[in-house]
Amino acid sequence: MQADAELEVSIDIPEHRKLQVTQGTPDRIFRYIITTGAYFSLAVLAMIAGFLLYRGFQIFSDFGLGFITGAKWDAGSGDETAPAVFGVAAMLVGSLVIAIMAIAIALPFAVISALFLEYYAPLAIRRFLISILDLVAAIPSVIYGIWGYAILMPHVVGWSKSLNSWFGWFPLFDVPAPIFDRSPFVAGVLLALMVLPITTSVAREVYSQAPRDQIDAAYGLGATKWGALRTVVLPFGKSGLIGGAMLGLGRALGETIAVYLVLNLVFKINLQVLASAGGNVASMIATRFGEAGPYELRALMAAGLVLFLLTLVVNALATLIVNRSKVQ
Amino acid sequence: MNETIATDRTKRNADNLELSGKGGLEARDLHAWFGTHHALADVSLHFPERTVTGLIGPSGCGKSTFLRLLNRMHEFIPKSAMAGEVLFNGDDIYAPGVNPTEIRKRIGMVFQKPNPFPAMTIGENVLAGVKLAKIKVENKDDLMEESLTRAGLWKEVRDRLNAAGGSLSGGQQQRLCIARALAMKPEALLLDEPCSALDPISTLRVEETIVQLSETMTIVIVTHNMQQAARVSDYCAFFLSNGGPGRLVEADLTNNIFNNPRDSRTADYVQGRFG
Ligand SMILES: Nc1ncnc2c1ncn2[C@@H]1O[C@H](COP(=O)(O)OP(=O)(O)O)[C@@H](O)[C@H]1O
Ligand SMILES: [Mg+2]
């Protein structure tokens, strides 16, 4: 130790060398294209946000935070007697409630389907099932909406009734009046079906990457198949699964037409998910857009900006969660 | 029981290899396929109780395949098939009604690449098998210490049992995998090139561990390292494939395989003339 210390004193510590890498022309061109592309998509995002902010700015200055916290949305009569009041709180809460419900319902099914496809389905039908999954993911949402309204809703109404009669004591499952159609729950179930394919697809992709040598290790210890999946595949797929769920959540947050078809638009914060009242930002914008006057149009732009920011926040959170669970 | 076996490796009788059904593991007319590819043909080999047998031969001659047939790991590969029998203490492990997971609990396996479970701590890794099999353990700490001690790792990790399994060096990870297998109290242990990813010092540690373990269990080890085969094994079996399925060329006392092989191809291989 002593010798080391003496040594250190006598050594001149040199400057860090500056390393220069000369890139070949193809490398430079490629780099240029890639960089431009990346900045371009960022610029488009910024421009959308800027546009929405520009068009909706007057709303933010007129209503301030009230635009976020207020639930009332009324274009008024255009004169002093009934001034316009705009607030997106109800729709914002609705967006979150519906999307979270959708993911909560879809996730267990997605995990089970993905595990089945990757580890249980016979080889002969696996390819076929996977292509079906991709096909289902590509069904336009208006089809889901119509089907949800005509076919799914009567069933969900039945489930809602049972839920309400068994768990009505729980505030979320209480209703002010025994009307169960066009409720956030119906929308949530429909959206769950809509995000199921993409979430399953991502989960399957992640599970298929689970390291074979660790699965072998589990089997070598006398694990059953389920034991091996539980010890190796599920922990391995955790962060990827969260990613898939967030992808689904993104889709559910922005879903417009299907929600429009199966949900009763009411501008009141409603946490009673079985009650026939609710809405989300996207479908509200679609509903009001056609008949909005110039001032309400600005309010819709502002609502769009809020939805845009909400989606960004959710995605940022997702990235955070994924990174956090990767470290462990 | 048989003191000479534990103390003097050279005195064991090569005839043991042909004696069958007494105990330990025995392969009878084993074949293996991957789809239509016939990977292993007609291997009969006896691993007497509480001995170490080294499996040697060039890459691709079916050593791993053979090893994986011995604890029913082969059947996890899609479209794989097998023929023949594997007797474990006299009973065919492929007989109808035999539960393969029970077999794998009794015949442990250590793989070429160290594969601790990364989401678990060192301690959890050791007890992973016990937990998976829902085996009731009186004292988990004792079992953990005992297994790690037998794997020669206890002193190095006793103060950080709660660290992640992946935080160990490669050699330590491999010994952790051995400890994990030992915690199941297996009657036999199969090791597939357990030292191929390890540095020389870790390799010696693992070899010492293997020699110690052979006092209580039957050990089969695949190795590409001739010195290693010479150091740890009582018997050696030489496999070879000449383009077709891998076959057993000869099996004998390790001493004979290295100094006095019956087959000229064995002599060529152990003297490094091919493979
Ligand atoms: N999972 C597999 N699928 C198809 N063929 C395999 C597989 N594993 C091994 N084989 C084939 O079986 C033969 C024996 O392989 P292996 O037992 O791994 O040899 P060794 O361990 O002696 O190097 C080789 O021809 C190899 O290509
Ligand atoms: Mg091998």
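Residues numbered from 1 in each chain as written. Chains lettered and ligands numbered in written order. Predicted model: local features only at pLDDT ≥ 70, side-chain atom pairs only at ≥ 80, totals over all residues. Heavy atoms only, no water.

1. Overview of the confidence of the model for chain B
Residues and elements named next belong to chain B.
So, step 1. Scored by pLDDT, chain B comes out at a mean of 88, with 91% of its residues at no less than 70.
So, step 2. Counted against residues more than four places away or in other chains, residues 1–12, with its pLDDT under 50, gives 16 contacts.
So, step 3. Of the two predicted TM-score estimates for the complex, the pTM is 0.82 and the ipTM is 0.87. (pLDDT = per-residue confidence, 0-100. Contact = heavy atoms within 4.5 Å.)

2. Thoughts on the packing of aromatic side chains
Residue and element names in this part refer to chain A.
So, step 1. Under the counting rule described, the total for this entry stands at 14 aromatic pairs over all chains.
So, step 2. A centroid spacing of 5.5 Å and a plane angle of 85° characterise the contact between Phe60 and Phe67, whose relative ring orientation is edge-to-face.
So, step 3. Judged by its relative accessible area of 0%, Phe67 falls in the buried class.
So, step 4. On the basis of an interplanar angle of 50° and a centroid distance of 5.8 Å, the ring pair of Phe170 and Phe173 is categorised as tilted.
So, step 5. Overall, the relative accessible area of 34% leaves Phe170 in the partly exposed class. (Phe/Tyr/Trp six-rings, centres within 6.5 Å; stacked < 30°, edge-to-face > 60°. Buried < 20%, exposed > 50% of the residue type's maximum accessible area, 1.4 Å probe, protein only.)

3. Overview of the packing of helix H8 (residues 170–182) of chain B against helix H9 (residues 200–213) of chain B
Residue and element names in this part refer to chain B.
So, step 1. Interaxial distance between H8 and H9 falls to 9 Å at its minimum, and their mutual angle equals 15°. As far as their axial angle goes, H9 and H8 are roughly parallel. Seen from above, H8 lies across H9 with right-handed handedness. Of the residues in H9, those touching H8 at Gly171, Arg175, Ile178 and Leu182 are Ser202, Arg205, Val206, Thr209 and Leu213.
So, step 2. Counted by class, the contact of H8 with H9 contains four nonpolar, three polar and two charged residues. (Axes fitted to C-alpha atoms, helices over the stretch in contact; angles between N-to-C directions. Helix = DSSP H or I, 4+ residues; strand = E, 2+ residues; numbered from the N terminus. Parallel < 35°, antiparallel > 145°, perpendicular 65-115°, else oblique. Left-handed = near helix turned anticlockwise from the far one by under 90°. Nonpolar A, V, L, I, M, F, W, Y, C, P; charged D, E, K, R; others polar.)

4. Remarks on the nonpolar core
So, step 1. Ranked by size, the top nonpolar core spans 86 residues in total, and within it Leu55, Phe66 and Leu148 of chain B carry the most contacts.
So, step 2. Not counting the four nearest positions on each side in its chain, Phe66 of chain B is found in contact with Ala27, Leu30, Leu40, Val43, Leu45, Phe47, Leu55 and Phe239 of chain B.
So, step 3. Formed by 58 residues, the second largest nonpolar core is a distinct cluster that contains Met153, Val156, Val281 and Ala299 of chain A. (Core = buried A, V, L, I, M, F, W, Y, C linked by side-chain atoms within 4.5 Å.)

5. Some thoughts on the interface of chain A and chain B
So, step 1. Contacts between the two partners involve 18 residues from chain A, matched on the other side by 26 residues from chain B.
So, step 2. Taken together, chain A and chain B are joined by two salt bridges.
So, step 3. With a shortest N-O distance of 3.2 Å, Lys113 of chain B and Asp213 of chain A are connected by a salt bridge.
So, step 4. Summed over the shared surface of chain A and chain B, the result is three residue pairs in polar contact (both at pLDDT 80 or more). (Salt bridge = Lys/Arg side-chain N within 4 Å of Asp/Glu carboxyl O. Polar contact = N/O pair within 3.5 Å; in protein donor to acceptor, adjacent residues only side chain to side chain.)

6. Notes on the sheet that holds strand E4 (residues 80–88) of chain B
All names here are of chain B.
So, step 1. A sheet is described by the order of its strands in space; here four strands give the open sequence E2-E1-E4-E5, paired in antiparallel fashion. Edge positions in the sheet fall to strand E2 (37–47) and strand E5 (91–92), since each of these pairs with one other strand and no more.
So, step 2. The strands touched by helix H2 (residues 63–70) within the sheet are strand E1 (25–34), E2 and E4, with E1 carrying the most contacts at an inclination of about 120°. (Pairing = 2+ DSSP bridges.)

7. Some points on the pattern of salt bridges
Side-chain pairs of opposite charge can arise whenever the charged atoms involved come near each other.
So, step 1. For the structure on display, the rule yields 19 salt bridges over all chains.
So, step 2. With a shortest N-O distance of 2.9 Å, Arg288 of chain A and Glu296 of chain A are connected by a salt bridge.
So, step 3. Between Arg205 of chain B and Glu156 of chain B there is a salt bridge, and its shortest N-O distance comes to 3.7 Å. Here Arg205 of chain B, found in helix H9, pairs with Glu156 of chain B, found in helix H7 (residues 154–157); they are 49 residues apart in sequence, far enough to count as distant.
So, step 4. Taken together, the shared-partner salt bridges in this structure form one network comprising Glu118, Arg204 and Glu205 of chain A.

8. Section: unusual backbone geometry
Residues and elements named next belong to chain B.
So, step 1. With a phi close to 50°, Asp29 is a non-glycine residue in the positive phi region.
So, step 2. Structurally, the position occupied by Asp29 is in strand E1.
So, step 3. Not every positive phi belongs to a glycine, and Arg72 is a case in point at roughly 65°.
So, step 4. Tracing the backbone through its elements, the reader meets Arg72 in the loop between H2 and E4.
So, step 5. What makes Arg72 buried here is its relative accessible area of 11%.

9. Let's talk about the layout of surface pockets
So, step 1. Within this model, the largest pocket holds a volume of roughly 460 Å³.
So, step 2. For the largest pocket, the lining is made up of 17 residues, of which Glu118, Tyr119 and Arg212 of chain A together with Phe76 and Pro78 of chain B are closest to its centre.
So, step 3. Among the residues forming the lining of the largest pocket, the class breakdown is 11 nonpolar, one polar and five charged.
So, step 4. Taken as a whole, the second largest pocket holds about 400 Å³ of empty space.
So, step 5. Lining the second largest pocket are 16 residues, and of these Thr231 of chain A together with Met120, Glu124, Ala128 and Lys131 of chain B sit closest to its centre.
So, step 6. At the level of elements, helix H9 (225–254) of chain A together with helix H4 (122–126), helix H5 (128–132) and helix H6 (140–150) of chain B are the ones that each hand at least two residues to the lining of the second largest pocket.
So, step 7. Residue composition of the lining of the second largest pocket, by class: nine nonpolar, three polar and four charged. (1 Å grid on protein atoms, 1.4 Å probe; cavity = no way out; pocket = protein on both sides within 12 Å on 5 of 7 lines; lining within 4 Å. Points joined across faces, edges and corners; volume = space filled by probe spheres on them.)

10. As for helix H2 (residues 25–63) of chain A
So, step 1. Taking 1.5 Å of rise per residue, the 39 residues of H2 of chain A would be expected to cover 57 Å, and the 55 Å separating its terminal C-alpha atoms lies within 8% of that figure.
So, step 2. Once H2 of chain A finishes, Gly64 of chain A follows within two positions and takes phi at roughly 60°, a positive value. (Expected span 1.5 Å × (residues − 1).)

11. Let's talk about H8 of chain B
All names here are of chain B.
So, step 1. In this model H8 runs 18 Å from its N-terminal to its C-terminal C-alpha over 13 residues, within 8% of the 18 Å that 1.5 Å per residue would give.
So, step 2. Burial analysis of H8 places 12 of its 13 residues in the buried class, the great majority of the element.
So, step 3. Residues of H8 that are buried include every one of Gly171, Gln172, Gln173, Gln174, Arg175, Leu176, Cys177, Ile178, Ala179, Arg180, Ala181 and Leu182, and no others.

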